[in-house]
Each structure stands twice: as structure tokens, then as C-alpha cells.
Amino acid sequence: MDANQALNELLAGRLEPGVYQWRTPPVPGAVGDTSWTERAEEAGWRGFHLDGRRARDKAGFLRLCAAVFEAPALADGDWDDLAAALRDLSWAPAKNGYLVLYESWAELADTDHKSLRMVLDVFGDAVKAWRATSTPMTVLMSSVGVEVAGVPRLA
């Protein structure tokens, strides 16, 4: 299944919510392409785009999340604050689900591997918390040519 088809299946509710690697084809300028958010919104999903190119440590990642999830308390927060915010999201209603695309996660992996493992734990817990609701959450770890150990591939 290619990345486009996988996204269609996910948005249609035919794939189980989870944290997945989403192997996108190498395309010049593809990082930061947010056309997928339009597809998600058309399907009733709330999309969040994490561009990790500048999130090279815990503090940088939490600042990024504060801006993207519109939760200012995260800027000076910690992993527990992020976990609580992702389990709540009452300020960001969605009809059919939440979709988080985390691009350029390798920046964090290269400079602060421990924080990347915490990010995966927090995302995994959030996905579990939302799984049995009418608005499940899925996190896509976008990659080209790199793998996240222990994270299954969606495409």
C-alpha cells in the first residue's frame, strides 16, 4: 500500500488508530507539504502538523507542540503536561478523529534520542486513550529512508 492509499484507508476508518511510520516518497520540497490536512478535514479529522526541523531537544519539541496544539502551557511544561494535553484536546474538537503528522523527527533522534523515545511513549498513550472514543487519534511519523525502531509501518 502506498502512502496516499494508506492515508485514505486511515481517514475512512478502515485502519486501526496507532502510531505509525508513514514512508512518503522522496519529493523535492515535500517537507512541510500540508495538503494532507485538507484531506483530513474533508473527512472530519482534525490535523496537526509537527515540523520537527527545529525541535532538536525536549524544550524545542515542547515549544513546537505548544504552538501546534495551541496549548501555551506546554511551552514551559514537561512530558506529563504534553500527555495531559493530548488526552484532553477539548479546545480542538474533531468530528471523526485526530491526525498528527510528525515530520523531520530524525532531527530529535539524532540529537536527543531519549526525548524521541519519550515522544513515542506520550503519543502511544494518547492514541490508546482516544482509541475507544468516536474521535480516535493516529500519529504518523513521516520518513524517507529512515526507520523508527519499534514503530510499525503504515506505508
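Just so you know, these numbers come straight off a predicted model, no measurement behind them.

Cut-off values and rules
Residues numbered from 1 in each chain as written. Predicted model: local features only at pLDDT ≥ 70, side-chain atom pairs only at ≥ 80, totals over all residues. Heavy atoms only, no water. Core = buried A, V, L, I, M, F, W, Y, C linked by side-chain atoms within 4.5 Å. Buried < 20%, exposed > 50% of the residue type's maximum accessible area, 1.4 Å probe, protein only. Helix = DSSP H or I, 4+ residues; strand = E, 2+ residues; numbered from the N terminus. Contact = heavy atoms within 4.5 Å. Salt bridge = Lys/Arg side-chain N within 4 Å of Asp/Glu carboxyl O. Arc of directions from axis to C-beta.

A.B. asks: Even after reading the chapter, I still don't get the nonpolar core, so can you show me in this structure?
C.D. replies: The tendency in soluble globular proteins is for nonpolar side chains to be buried as a group. Ranked by size, the top nonpolar core spans 40 residues in total, and within it L50, F61, L82, Y102, F123, M137 and M141 carry the most contacts. For this core, the elements supplying multiple residues, two or more each, are β2 (45-51), α3 (58-68), α4 (79-88), β3 (97-103), α5 (106-111), α6 (113-131) and β4 (137-143). Top contributing element to this core by residue count: α6, with eight residues. Sequence-distant contacts of M141, defined by excluding residues within four places in its chain, comprise V19, Y20, Q21, W22, Y102, W105, L116, L120 and V148. Among the nonpolar cores identified, the runner-up in size contains 15 residues, and A3, L7, L11 and L154 belong to it.

A.B. asks: What am I meant to see in the pattern of salt bridges here?
C.D. replies: The tally for this structure, following the rule as stated, stands at five salt bridges. R131 is the partner of E16 in a salt bridge, and the nearest nitrogen-oxygen pair spans 3.6 Å. Of this pair, E16 sits in the loop between α1 (3-11) and β1 (19-23) while R131 is found in helix α6, placing the two residues 115 residues apart along the sequence. The partly exposed category is assigned to R131, whose relative accessible area is 35%. Two residues, R53 and D51, come together in a salt bridge whose shortest N-O distance is 2.4 Å. Take R53: its relative accessible area is 44%, and that puts it in the partly exposed class.

A.B. asks: Any chance you could explain helix α2 (residues 35-42) here in plain terms?
C.D. replies: Each α-helix turn comprises 3.6 residues. Residues three or four places apart therefore point the same way. Looking at α2, one finds that the buried residues are W36, T37 and A40. Around the axis of α2, the buried residues are gathered within 100° of arc, so they sit on the same side. With respect to the buried face of α2, the exposed residues turned more than 90 degrees away are E38, E41 and E42. As for α2, its buried residues are in contact with α1, β2 and β3. At the C-terminal side of α2, G44 shows a positive phi close to 85°.

By themselves, these observations are geometric and do not establish any function.
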